[in-house]
Every structure is written in C-alpha cells, then in structure tokens.
Amino acid sequence: MTTGKNEFIVLGSSSGLPQADRATAGYVLKAGESLSLIDCGGGVTSSFLKRGLDPLAIKRILVSHSHPDHCCELPLFIQLIYLSGRKEPLDIYLPSEFVEPFRAYMNATYLIAEKLPFEVRLIGCEDGFGFEDDISVTTVANNHLQGYAGLLEKLDLPNKMQCHSLRIEIGDQTIFYSADIGALDDIKNHLDGHSLVVLESTHIDLDQFFEFTQGISVGRYLISHLGRADESELIRVLSEKYGLGNLVIAEDGMTIEL
Ligand SMILES: [Zn+2]
Ligand SMILES: [Zn+2]
C-alpha cells in the first residue's frame, strides 16, 4: 500500500485489556509516502504488516506514554525495521522519563545501538515539545498517570507520570490524538476545530463527552481504545441520540482518508 494520499490508519484499537480481535494501541499517520507510527502496543507489528505497509517507509515513531499497551512492542518494531535493511537514522519520540529506561531495555534485548546499522535517536519530550517536518507535532500533557503519585512517592520511584496527547498538523488539516487521558477535562479545551479527533474511550464519561460535542465543531471523531463489545454498542447508541453522524468507532485496519 503505497499511494501518495494522507491517511490515518488504525493498527490497534483495543483498550489496555488485550483482546483476541484487536491489537492494543497503534496508529499510522501516512503523509504521502512517509509513515509516522503513533504508539506501539501489543500486536501492532503484525497489524502493520497485515495492512501491507512498508517498514522502510517509517519516518519516525511517537510514543504517548509508557504503559505496556502503548509501547510494549517498540523493541520488536525496531527489530522489524532493522531486519528490513534500514540505513537511515530513526527518530523515536518518547516521554523524557522513558528515554533512559528504554535505552537500557534495548540493550537488554540485544538491540544494542552500536550494533545497529542505523542510528536510533531517542528524543525525550516534555509538555509543549514540538517539531515541524512533513508533519508538525506538539505534545499536550494530560493527567492520565497522576493517580500513581502516592505510590511513586511511597516507593521513592523517579517516574514523572508523563502522558502526552498529540496535536498534529498534516497538510491543511489538524488531528488531535488524545492517547490515554485522566478525564475529558484534561483535553476538552484542545478539541474544537480539528479535522480529526482520535479519542480514547476508556477514561472518559461518555455522556459528558457527547454532551460536550454539541458545543464544538470537529470534522470527524474516531473513538478507539475500546473494551468489550457492549462498549462499542453504547457509543453507537449515544452517537445516534446526539445526532453525531461524523463519529466512527475504530476497528483494526480501518483507514481514514485525510
Ligand atoms: Zn492505554
Ligand atoms: Zn495508559
């Protein structure tokens, strides 16, 4: 699949509870011929190959936070790129708290940077970090991991509870990817006006969300990070009730043309 279109492709649409018929979080943003992988949870590598995507077309990888369902297949995905014959440097954007632990994990899994035939650049992100290239990305910190504060303090762990939503510009369109959030309040001031909002459903109050959509203007909503089948059914019922004809419920392999 190498057409010059801009597309948002769902590789994994499951919540953190792994499922038989969905990979956990992973998406590809395709800008012409260049691919950005967004999150890399369990099942994402095989899902990527199932869509006929080219590992050598990966331009960068963006990771929202270090929960397993968003990053556990990163080493395997790097191995896929390595064994596919990459030579160009690979930029991987991670929460800054995850850079050194992930570098150590790469070494532990024998993906030793000095051995790889391409440079892996681990780039630590804080709130408001951004870059401009074929796409432009800005990170927006949210409260998804704040519930760990007491435990981290008690155990004297260095974690900084970083989870980033992403604001992305591609061509004349903008995308807001919520990643995982603490609650809708974390991001609701960031949703208005986007061409596409990709929203996780696990940590939001659905009634509050649908009520909120009535006052903002968004091109399309893609609801993902889904749990049981009855959750999708509830979202379907509510989107009908609120007349939200521009809402799509994610499935692995779904492609949204931008
Ligand atoms: Zn998650
Ligand atoms: Zn999470």
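Residues numbered from 1 in each chain as written. Chains lettered and ligands numbered in written order. Predicted model: local features only at pLDDT ≥ 70, side-chain atom pairs only at ≥ 80, totals over all residues. Heavy atoms only, no water.

Counting buried positions along strand S4 (residues 58–62) gives 4 out of 5 residues, so the element sits mostly inside the fold. Here strand S3 (residues 34–40) pairs with S4 via 4 bridges, running parallel. Each residue of the ladder has a partner; that of isoleucine 38, found in S4, is leucine 62. Traced from S3 through helix H1 (residues 44–50) to S4, the parallel crossover comes out right-handed. Bridging between S4 and strand S5 (residues 90–95) involves 3 bridges; their strand directions are parallel. If you follow arginine 60 over to S5, its bridge partner there is aspartate 91. (Buried < 20%, exposed > 50% of the residue type's maximum accessible area, 1.4 Å probe, protein only. Helix = DSSP H or I, 4+ residues; strand = E, 2+ residues; numbered from the N terminus. Pairing = 2+ DSSP bridges. Right-handed = clockwise from strand over helix to strand, strands pointing away.)

Position of histidine 65 relative to the elements: it lies in the loop between S4 and helix H2 (68–71). Owing to a relative accessible area of 0%, histidine 65 belongs among the buried residues under this scheme. Distance from histidine 65 to serine 14, taken between C-alpha atoms, is 16 Å for residues 51 residues apart in sequence. If near-sequence neighbours (up to four positions away) are discounted, histidine 65 is found in contact with Asp39, His70, Cys71, Pro95, His144, Leu145, Gln162, Cys163 and Asp180. Here the side chain of histidine 65 touches histidine 67 through a polar contact of 3.3 Å, side chain to side chain. Within the local environment of histidine 65, its side chain forms a polar contact with the side chain of histidine 144, the two groups lying 3.4 Å apart. (Contact = heavy atoms within 4.5 Å. Polar contact = N/O pair within 3.5 Å; in protein donor to acceptor, adjacent residues only side chain to side chain.)

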